[in-house]
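Coordinates in review
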Amino acid sequence: MNTYKKTLKSGTNKGNRRIWIEGDYLTAAGLARGMKLRRTMFASAIVLDVIADTPKTKGEKRHSIAGTASRPIIDLSGAWVSDFMGTASHVDITAHHGTITISRAVVAMSAAAE
């Protein structure tokens, strides 16, 4: 399976940072509406892994891929995203074989103004 990479600008929602990933990028990486994802936090990255729809373990954080069959959406927002993002304006997304890795991107000033 191919590896897909993209840099996205982080937005805001209700005063917190938001990471919104959607569309062909997810479909091409084999990710579809309804799939369940387990979130693992690291100092430099957020990792989302596709998991079976089984009971959660204590402390486990999960997300579901929303949207439609032709336009799947991963919407991450909240204080935990704000804490992760810090002062970064963009994120680097890498999707490969059921895993999405999100890291803070280093963006040149001209690109950050977009």
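The following refers to the structure shown. Each chain has its residues counted from 1, following the order in which its sequence is written. Totals for whole chains, interfaces and linings use every residue, but because this is a predicted model, local features are given only for residues with pLDDT of at least 70 and side-chain atom pairs only at 80 or more, for both listing and counting. Here the side-chain values reflect all heavy atoms present in the structure, with hydrogen atoms and water set aside.

1. A look at the sheet that holds strand β6 (residues 61-64)
- With antiparallel pairing, the six strands of this open sheet are ordered in space as β1-β9-β10-β5-β4-β6. Every interior strand has two partners, whereas the edge strands, β1 (3-9) and β6, have only one. For this sheet the average axis-to-axis angle between neighbouring strands, irrespective of direction, equals 25 degrees.
- Note: β1 against strand β9 (residues 90-96), seven bridges, orientation antiparallel. Across the sheet, the residue bridging to lysine 9 is histidine 90, located in β9. We treat two strands as partners when DSSP finds at least two bridges between them. Secondary structure follows DSSP: runs of H or I at least 4 residues long count as helices, runs of E at least 2 residues long count as strands, and numbering of each begins at the N terminus. Between the N-to-C directions of two axes lies an angle of 0 to 180 degrees, each axis being a line fitted to C-alpha atoms and, for a helix, fitted only over the stretch in contact.

2. Structural notes on the sheet that holds strand β7 (residues 66-67)
- Read across the open sheet, the four strands follow the order β2-β3-β8-β7; overall the sheet is antiparallel. Every other strand in the sheet has two partners, leaving β2 (11-13) and β7 as the edge strands with one partner each.
- As paired elements, strand β3 (residues 16-22) and strand β8 (residues 72-77) share five bridges and run antiparallel to each other. Paired with arginine 18 across the two strands is serine 77, which belongs to β8.

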